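An overview of the molecular structure
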Amino acid sequence: MVEYKDMLIGGRTDKPGSAEGFKTGDWRSFVPVVDMDKCIDCLTCWVYCPDDSIIIKDDKMAGIKLSHCKGCGICASVCPKKAIAMVED
Amino acid sequence: MSPKDMAINGDSAVAFAWKQIDPDVCAAYPITPQTIIVERFSDYVADGEVHTEFVCVESEHSALTVCTASQSAGARTFTATASQGLAYMWEMLPITSAMRTPLIMAVANRAVSGPININNDHGDVMAARDCGWISLFSENVQEAYDMSIIAPRIAEHWDVQLPCLVNLDGFILTHAIERISPLETHTVKEFVGEYKARYPLLDHRNPVSHGLMDGPDFYYQHKYQLVEAMAKAAQVAEEVFKEFAEISGREYHSVERYLCDDAEYIAIVLGSSFGTAKAAVDKLRAEGVKAGCAMPRVYRPFPEKMLAELMKGKKGVAVMDKHLSIGAYGPLYPEMIAAALDLEVIPGMYNYIYGLGGVDVTVDHIKSIFEDMVEGRSEKVNFLGVKL
């Protein structure tokens, strides 16, 4: 834990991307499971994901990063190929 | 009397002080008895006498939001409100202090509804006391002017960085014309100095994020930073008062005392009633009663050590509150008792609730408080002037 003397005053930060360290994946009750055979790499899920949970490699859908996935199911609902299923976690 | 002396009401005196300071931004919404402050100040803006950006907002909530944001951006910012306006700002008050934005707000102290009442008491500012703002009180129009000039120096100190309330009693000071000796504008400007913001949002070479979310671990630690900043503000206030005395000849202290040293009975009072209390003390002294009175000019940070020292060896202390936490006490009373715990012998401590909703409190009323204490008639909590 950072000590109060080492923190900037006023709840400010000069380090971008600090929300990355605040893991919210354990809020989830449903987890998205991808059927890669059905996926056409349209990346609609990446566009719609309200967090940062769709992994992209070489412009292709490469799975789901669960550290910040809250299981909202938006990716599953927007997938045009029904390639993502929401399964109880 | 200097030829520069002015006959001016409290609101106009505060506006005049801010004209001399010439802040970067003012966002405000009119509310009685504060209205004259922003009316006069908007005249200065319209007439080009200040360079201030005046933001007309649709509510007090927006006023304080704009002010907090502009001060975060790095602009010296001023606003003013009263009563329901301060109540409407309440959601923003702890945010302003938590974001360490040292803006200054004049509060024309007025009763909070209901019943609807536009007259003076301290219900508005006492509801804001837990919000992390420095809070200064004035006895008269001269002090309201002087505190307006002193406030930014305390608030903007590099190690303080807290917002500050400058209280003046509604109507009693805001609308009463008194004679004041203003400082020369260049003297005010030199004293207040140029605003140097700490981590301003517009410093693109050193980018920072403001107003972030905290988990429990960070939240508590950020609050503790405020505790340290307030402790620093207590020291800084004394230093700034000394510097101000050098330029003005007017001496201020965190706790103002009147004939307290040899007094057996003292009254503690905030705001304009301090003057009434002094007159009562004079009458009592003439009658042989060893009376004194004091005002915590700096109400936040609470000057508890100075107040404890003040109460040492007294037979009775009347703590006068122009507000009431219904079902408990006036807000100053338990704090004075907490301060008195540092003493080996705790004096008799009595709470006098007075002047709610503008009930007039005269010299004779305050005299009667001392007579109650001397005669042993004081209850723990007393309601001065209520017709029973």
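Keep in mind that what you see is a predicted model, and the values were worked out from it rather than measured.

**Re the nonpolar core**
Residues and elements named next belong to chain B.
- With 63 residues, the main nonpolar core has Leu93, Met311, Met336 and Phe370 as its most contacted residues.
- Both domains that meet at this core, namely domain 1 (6-248) and domain 2 (255-383), each give it at least three residues.
- When residues no more than four places from it in sequence are discounted, the contact partners of Leu93 are Leu64, Leu86, Met105, Ala128, Cys131 and Trp133.
- Counting 52 residues, the second-largest nonpolar core is a separate cluster that includes Trp18, Ile21, Val141 and Leu168.

**Describing the sheet that holds strand S15 (residues 381-383) of chain B**
All names here are of chain B.
- Strand order across the open sheet formed by six strands is S9-S11-S10-S13-S14-S15, with mixed pairing between neighbours. Only two strands of the sheet have a single partner each, and these edge strands are strand S9 (255-258) and S15. Between one strand and the next, the sheet's axes are offset by a mean angle of 20°, whatever the strand orientation.
- As paired elements, strand S10 (residues 265-268) and strand S13 (residues 316-321) share four bridges and run parallel to each other. For Tyr265, the partnering residue across the bridge sits in S13 and is Gly316.

**With respect to the interface of chain B and chain A**
- Counting residues at the interface gives 20 residues for chain B and 14 residues for chain A.
- Both faces combined, the contact of chain B with chain A buries some 1600 Å², and carbon together with sulfur accounts for 60% of it.
- Between chain B and chain A we count zero salt bridges in total.
- In this structure, the connection of chain B to chain A is made through eight residue pairs in polar contact (both at pLDDT 80 or more).
- Of the residues forming the side of chain B that touches chain A, the biggest block, seven residues, is contributed by helix H9 (residues 216-248) of chain B.
- Among the residues forming the side of chain B that touches chain A, the class breakdown is nine nonpolar, seven polar and four charged.

**A short note on the packing of aromatic side chains**
- Counting across every chain of the model gives 11 aromatic pairs over all chains.
- Ring geometry for Tyr4 of chain A versus Tyr224 of chain B: centroids 4.7 Å apart, planes at 80°, classification edge-to-face. With Tyr4 of chain A in the segment before strand S1 (30-34) and Tyr224 of chain B in helix H9, the pair connects residues from two separate chains.
- The buried category is assigned to Tyr4 of chain A, whose relative accessible area is 18%.
- For the pair Phe41 of chain B and Phe78 of chain B, a centre-to-centre distance of 5.7 Å together with 65° between the ring planes defines the contact as edge-to-face. Pair noted here: Phe41 of chain B is in helix H2 (residues 35-46) and Phe78 of chain B is in strand S4 (residues 77-81), with a separation of 37 residues, a long-range link. Each member of the pair, Phe41 of chain B as well as Phe78 of chain B, is classed as buried.

**A few points about the pairing of S10 of chain B**
Residues and elements named next belong to chain B.
- Residue alternation in S10 divides its side chains into two sets, Tyr265 and Ala267 and Ile266 and Ile268, and both sets are buried.
- Judged from the four bridges that link them, S10 and strand S11 (residues 291-296) form a sheet pairing that is parallel. If you follow Ala267 over to S11, its bridge partner there is Cys293.
- Handedness of the β-α-β unit built from S10, helix H10 (residues 273-286) and S11 comes out right-handed.

What counts and what doesn't
- Residues numbered from 1 in each chain as written.
- Chains lettered and ligands numbered in written order.
- Predicted model: local features only at pLDDT ≥ 70, side-chain atom pairs only at ≥ 80, totals over all residues.
- Heavy atoms only, no water.
- Core = buried A, V, L, I, M, F, W, Y, C linked by side-chain atoms within 4.5 Å.
- Buried < 20%, exposed > 50% of the residue type's maximum accessible area, 1.4 Å probe, protein only.
- Domains from an automatic or database assignment.
- Contact = heavy atoms within 4.5 Å.
- Pairing = 2+ DSSP bridges.
- Helix = DSSP H or I, 4+ residues; strand = E, 2+ residues; numbered from the N terminus.
- Axes fitted to C-alpha atoms, helices over the stretch in contact; angles between N-to-C directions.
- Buried area = accessible area lost by both parts, 1.4 Å probe.
- Salt bridge = Lys/Arg side-chain N within 4 Å of Asp/Glu carboxyl O.
- Polar contact = N/O pair within 3.5 Å; in protein donor to acceptor, adjacent residues only side chain to side chain.
- Nonpolar A, V, L, I, M, F, W, Y, C, P; charged D, E, K, R; others polar.
- Phe/Tyr/Trp six-rings, centres within 6.5 Å; stacked < 30°, edge-to-face > 60°.
- Right-handed = clockwise from strand over helix to strand, strands pointing away.

So far we have only geometry, and geometry alone does not tell us how the molecule works.
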